[in-house]
Amino acid sequence: MKHRTTRRAALGVATCTVAFSLAIAPAATSAPGNGQGQGEGEANITALERQDARGPGPATPDWSGLDMPGSYPSQPTLRVFPHDPDDRSYAADLVGYADLAPRLNDLMSRSNRVSVQVVGQSSQGRDLYLVTVTAPEKADETRRQTAYREMIQHEPHKAARDAKLQAEYKTPIWFSANIHGNEWEGTDASLQYIEELATAPWSQVEDLLTGHRLYFSLTLNPDGRKLGQRATAQGFDANRDMITNTTPESESYIRTTQSLLPINASDLHGYTRQLQVEPTGPPHGENYEYDLFIPHNYAMALQIEQDVVDAAIPGNPLTAEGGIKIPYRDTPSGWDDYPPIFTAQYAAYYGALTSTVELPLTRGGSGGTQTPERAAINTAVALQVIRSTVDYLHENSGEILANQIEFFDRALSGEEKTALTLDTIADVPGPEQWKPLWDVADDQDVVDLPQAYIVPVGEGQRSLSDATSLVEQLLLHDIEVRILNNDRTIDGTTYPRGSYVVDLAQSKRALANALLDLGSDISGKVPSMYDISAWSYAYLWGATVDKVGDVGDGPVRATRAVDGPTRQASVPKRAQHVTFDVAGVEDYVALNDLLAQDAVAWLLPTGQAVVAPESYGLAVDAALEHDIAFRAATAAEVGAVASGDAKELDEVRVGYTGSQDARESLTQLGFEPVQVSSASINADPSVLDDLDVIWLSSSLSFNASQVNGREATQAWLDEGHAFVGSGNNAFTTARTFGLVSATAVSGNGSGNGIVAVDTPADSVLANHAQDYAFIYPAQSYTDLGDGTRAEQYYDADEPFLAGHWRGTNATNGPEAAAGNASVISGESATGGKAVVFGTSPFYRTHPKGGLSQVAQAIFAVTPEG
């Protein structure tokens, strides 16, 4: 069977057709009508019944962090990558990626203070190194250090009183670098510092290395380092991917965070013309324990500033005031720590002090490279920042560790979250330099913590497959997930046994709430934001999630912790027409996989796929591979197939314009997208012969010399093919080809966040309809002409729910979009079709619910098989 690569497959869940050793339990709590249970009393096949015939299933995924050494030093021989003369690091006389393993192997051979482990691979398969520098530890000491770390986050009240922990714990300090591949020098500075610690007389480093473990992630983006580009080889900015985890680079970072539990995480970047060291300006995330974070973080930034000034590094530019940039002090808007999508802001949810360090001198070489002279200055500055950071943390580690313990103690306390505001700063202990700078814009918004988030199973769940993916994602982030042992009524709703519970009585309370809560409309708080301002899994990832109770209610009773989602795969025991709900991302992957194998299948008007008896074996494979709950089709569903009311399906071939967001989103849906452009179609119009639909992120605009391409595209549309896309480029292209007629109203270009949407009952998006969408920016549509219809609307009363969207005129704010169409469709007189989203369903692949809406639209406009 031809396999589609999915994120679930990457994590080791249901990755092959022989996955019959995982038990398939009939979804007894689900109703047949929603495709999540059995039909007409038919017994369903279990995985164990097929095990002997098909072999073992996939390994249980590992939701834990890294496999850490059992003692130190841990000194494997690292594999050496071939020298690459095209590595863009060499233009600035910096260390190339292929040089790292030989240098580290040499250091390990000369020093028992240095350990190295591989903590993942990049998009192109390069090893990601984590270097540890510490005093040697025997196995029993390493076990003791691990036990202390676990006590800090899971038994913090005990840790706060443990004198041995206070005396013996080697507080972890972490530096990472080069997550933006063309910001090179942090890697070289880290290497220099590691070599200093490895070779210095023991008397000079004994106190430091017996009291701490110093960790260094030398390059978080080795492909980008070699290529001389900001993004990963996939084209994604990994420093915007900490909660979406499209890239292996970001997944490695979060697993490292979980495993190290650092008291400080500094991430080395560039370039801002003068050195810049965080903490940031406002707004500050509601879920941070900011009174534990800001005092030492700002004091440390001031110490770094003083040390850098005193070092008088030749060529290092200072500010007009003779210092460095500290956003908390110097940037009142536009450099914030609000979203947890960045390295530093993510690590703060583990109780760490954090800083994104921006080195000063911009790239000055040809083709976007750095010059040796500038690189030498930046490296010297970065080295001074590392030294100063370590000195400050070494001097203040006792108090900083106590704050980290308090961070976790608050999470487990069951108490309400207290916002840091002007009214509460006076009583905050620790360094006080930050207090005179705090103003009302810095005030944290009050967050009302629930007792728990419930992810129901059964009739109350919009998409069981999206619920499964959501649970996987939460477990990836080390968030405890539990399930109900029995049916339970909470806040007036009865949840079936097996429903998932994310109880906020857990050590990762802050992160769990940050990822699942709606967030706030912060449009009035500051004039501008650095990046996105809303991101909720509960509102954007396609699954139904209910927020219940109050954190003061205590834990939800009669639950048990799980280390993975419950398997849902189920298939009737005999060959017959079988059906499943096509509601979530993995459902579309399964459907596309079936069609790629020439399964005979139809799509019902109610949103279920029906698979014919002759394709029963493929359905069994799909159930096991994609964890799909098939049931026997009802007589009415079989009748819809026989009468022609169901749409006969064939494999859907999708082209796309645009970049990585479109490519990866379509791939995650199980399509095999082919990139096209005006130029490529004009050069070879036959590329259209293999396509049913083109997704438009960028426009298809043919100039006067591209007549052949335009005519070929028009002929292709006249055959009944379609455009589906989002934003103004898609709208302009669809309008140019006469597929839609409307007036587009564009929102403020920087406006982004979560919107409420309403879907008409006869819309192509009506089945498994969703109530929320993401915009960045929004576009709405008015004055719809003949043949153009609204498939979805922005809510008329409260369209904007969370994020930052300020209108700068009468037409580009959320009020102007209220009640307007958010998705439109149209058909030309000759049969071409289009669906245009004014929302942003593919944005950085994050809004998974948006992905399935796009797939819904694609299947709606694809010619019948």
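Residues numbered from 1 in each chain as written. Predicted model: local features only at pLDDT ≥ 70, side-chain atom pairs only at ≥ 80, totals over all residues. Heavy atoms only, no water.

Novice: Explain the side chain of Gln145 to me, please; I cannot follow it from the model alone.
Specialist: Take Gln145: it is sitting in helix H4 (residues 139–154). A relative accessible area of 3% means that Gln145 is categorised as buried. Leave out the neighbours within four places in its chain, and Gln145 touches Glu137, Glu168, Tyr169, Lys170 and Arg213. (Helix = DSSP H or I, 4+ residues; strand = E, 2+ residues; numbered from the N terminus. Buried < 20%, exposed > 50% of the residue type's maximum accessible area, 1.4 Å probe, protein only. Contact = heavy atoms within 4.5 Å.)

Novice: Whenever I open this one, the side chain of His721 confuses me. Can you help?
Specialist: Residue position: His721 is located in the loop between helix H23 (707–718) and strand S25 (722–726). Residue classification places His721 among the buried positions, given a relative accessible area of 10%. Reaching out from His721, the side chain makes a polar contact with the backbone oxygen of Trp716 at a distance of 2.8 Å. With residues near it in sequence (within four places) discarded, His721 still touches Leu691, Asp692, Trp716, Gly831, Gly832, Lys833 and Pro863. (Polar contact = N/O pair within 3.5 Å; in protein donor to acceptor, adjacent residues only side chain to side chain.)

Novice: Explain the packing of aromatic side chains here, please?
Specialist: To describe a pair of aromatic rings, one takes the distance between the centres and the angle between the planes. Counting across every chain of the model gives 32 aromatic pairs. Ring plane angle 35 degrees and centroid distance 5.4 Å describe the contact between Phe731 and Tyr781, whose orientation is recorded as tilted. In this pair, Phe731 is assigned in helix H24 (residues 727–736) and Tyr781 in strand S29 (residues 779–782), connecting sequence segments 50 residues apart. This pair shows no difference in class: Phe731 is buried, exactly as Tyr781 is. Between the aromatic rings of Tyr776 and Tyr843, the centroid separation amounts to 5.2 Å while the plane-to-plane angle is 35 degrees, which identifies the pairing as tilted. Of this pair, Tyr776 sits in the loop between strand S28 (772–775) and S29 while Tyr843 is found in the loop between strand S33 (833–837) and helix H26 (848–861), placing the two residues 67 residues apart along the sequence. Lying over the aromatic face of Phe737, Arg710 brings its terminal NZ or CZ to 4.6 Å of the ring centre. (Phe/Tyr/Trp six-rings, centres within 6.5 Å; stacked < 30°, edge-to-face > 60°. Lys NZ or Arg CZ within 6 Å of the ring centre and 35° of its normal.)

Novice: Sorry, what's going on with the pattern of salt bridges here?
Specialist: Side-chain pairs of opposite charge can arise where the charged atoms are in close proximity. Enumeration according to the criterion identifies 33 salt bridges in this entry. Arg631 is the salt-bridge partner of Glu637, the closest N and O atoms lying 2.8 Å from each other. This pair shows no difference in class: Glu637 is buried, exactly as Arg631 is. One network of salt bridges, in which partners are shared, links Glu183, Arg230, Asp237, Arg240, Asp531 and Arg844. (Salt bridge = Lys/Arg side-chain N within 4 Å of Asp/Glu carboxyl O.)

Novice: When you look at the sheet that holds strand S15 (residues 559–561) in this model, what are you seeing that I'm missing?
Specialist: Note on sheets: strands pair through backbone hydrogen bonds, and any given pair is parallel or antiparallel. If you trace the five strands from one edge of the open sheet to the other, you get S14-S9-S13-S10-S15, paired in antiparallel fashion. Edge positions in the open sheet fall to strand S14 (546–548) and S15, since each of these has one partner strand only. Shown here is a sheet whose adjacent strand axes are inclined to one another by a mean of 30 degrees, direction ignored. Judged from the three bridges that link them, strand S9 (residues 452–455) and S14 form a sheet pairing that is antiparallel. When the sheet's bridge partners are listed, Tyr453 is paired in S14 with Lys547. (Pairing = 2+ DSSP bridges. Axes fitted to C-alpha atoms, helices over the stretch in contact; angles between N-to-C directions.)

Novice: Got a minute to help me understand the environment of Asp795 in this structure?
Specialist: Tracing the backbone through its elements, the reader meets Asp795 in the loop between strand S30 (788–794) and strand S31 (800–804). Asp795 sits in the buried class, given a relative accessible area of 17%. Setting aside residues no more than four positions away along its own chain, Asp795 makes contact with Ala756, Val757, Asp758, Ala818 and Gly819.

Novice: Quick question: what am I supposed to make of the sheet that holds strand S7 (residues 276–277) here?
Specialist: Taking strand neighbours across the sheet as the criterion, the seven strands line up as S2-S3-S5-S4-S6-S8-S7 in an open arrangement whose pairing is mixed. Across the chains shown, the open sheet's two edge strands, defined by having one partner strand only, are strand S2 (114–121) and S7. Examined bridge by bridge, strand S6 (residues 264–270) and strand S8 (residues 353–359) share seven bridges and lie parallel to one another. Opposite Ser266, over in S8, you have Ser355 as the bridge partner. Contacts from helix H3 (residues 97–110) reach S2 and strand S3 (127–133), with the element oriented near 30 degrees to S3. Across the sheet, helix H11 (residues 290–311) lies against S6, S7 and S8, angled at about 35 degrees from S8, the strand it touches most.

Novice: I keep staring at helix H16 (residues 509–516) and nothing clicks. Help me out?
Specialist: Since the α-helix advances by 3.6 residues per turn, residues separated by three or four positions end up pointing in the same direction. Buried residues dominate H16, accounting for eight of its eight residues. Along H16, the residues classified as buried are Arg509, Ala510, Leu511, Ala512, Asn513, Ala514, Leu515 and Leu516. In this fold, the buried residues of H16 make contact with helix H13 (343–347), helix H14 (372–413), S9, helix H15 (464–476), strand S13 (500–503) and helix H17 (537–540).

Novice: Which parts of the structure should I look at to understand unusual backbone geometry?
Specialist: Backbone phi values are negative for most residues with the exception of glycine, while trans is the configuration of most peptide bonds. Geometrically, the link from Gly270 to Tyr271 is a cis peptide bond, its omega value of 5 degrees lying close to zero. You can see Tyr271 is positioned in the loop between S6 and S7. Geometrically, the link from Tyr776 to Pro777 is a cis peptide bond, its omega value of -10 degrees lying close to zero. On the secondary structure map, Pro777 appears in the loop between S28 and S29. Notably, Asp93 is not glycine yet its phi reads approximately 60 degrees, a positive angle. Here Asp93 lies in the loop between helix H2 (47–54) and H3.

Novice: Quick question: what am I supposed to make of the confidence of the model for the protein chain here?
Specialist: Low pLDDT marks stretches whose predicted atomic positions should not be read closely. Per-residue confidence for the protein chain averages 93 on the pLDDT scale, and 93% of its residues sit at or above 70. Here residues 1–42 is a poorly scored stretch, pLDDT under 50, and it has 150 contacts once near neighbours within four places are set aside; other chains count. Within the model, the stretch residues 46–60 combines pLDDT values under 50 with 35 contacts to residues more than four positions away or in other chains. (pLDDT = per-residue confidence, 0-100.)

Novice: Would you mind showing me how to read a negative patch on the surface here?
Specialist: A contiguous patch of negative charge, built from Asp521, Asp758, Asp771, Asp797 and Glu798, is present on the exposed surface. Note on placement: Asp758 falls in strand S27 (residues 752–758). The class for Asp758 is partly exposed, based on a relative accessible area of 36%. (Patch = residues over 30% accessible without salt bridge, like charges linked within 9 Å, V, L, I, M, F, W, Y side chains within 5 Å. Areas by Shrake-Rupley, 256 points an atom, 1.4 Å probe, with all protein chains shown as cover. Lys, Arg positive; Asp, Glu negative; His and termini not counted. Charge placed at Lys NZ, Arg CZ, Asp CG, Glu CD.)

Novice: Would you explain the pairing of S13 in this entry?
Specialist: Remember that side chains alternate between the two faces of the sheet whenever the strand is regular. Of the two faces of S13, the one lined by Tyr500 and Val502 and the one lined by Val501 and Asp503 are each fully buried. Where S9 meets S13, four bridges bridge the pair, whose relative direction is antiparallel. Considered in S13, the bridge of Ala452 is made with Asp503. Alignment of strand S10 (residues 482–484) against S13, held across two bridges, turns out to be antiparallel. Bridged to Arg482 within S13 is Val501.

Novice: Even after reading the chapter, I still don't get the packing of H11 against H14, so can you show me in this structure?
Specialist: Across the interface, H11 lies against H14 with an axial gap of 10 Å and an inter-helix angle of 175 degrees. Taken together, H11 and H14 sit at an angle that is classed as roughly antiparallel. Tallied by class, the residues present in the contact of H11 with H14 amount to 11 nonpolar, seven polar and five charged. (Parallel < 35°, antiparallel > 145°, perpendicular 65-115°, else oblique. Nonpolar A, V, L, I, M, F, W, Y, C, P; charged D, E, K, R; others polar.)

Novice: Where do I start with helix H8 (residues 202–211) in this structure?
Specialist: Listed in full, the buried residues belonging to H8 are Val205, Leu208 and Leu209. Projected down its long axis, H8 shows its buried positions confined to an angular sector of 90 degrees, all on one face. Facing away from the buried side of H8 by more than 90 degrees, the exposed set consists of Ser203 and Asp207. In the core, the buried residues of H8 are packed alongside S3, helix H7 (185–199), strand S5 (212–217) and H14. (Arc of directions from axis to C-beta.)

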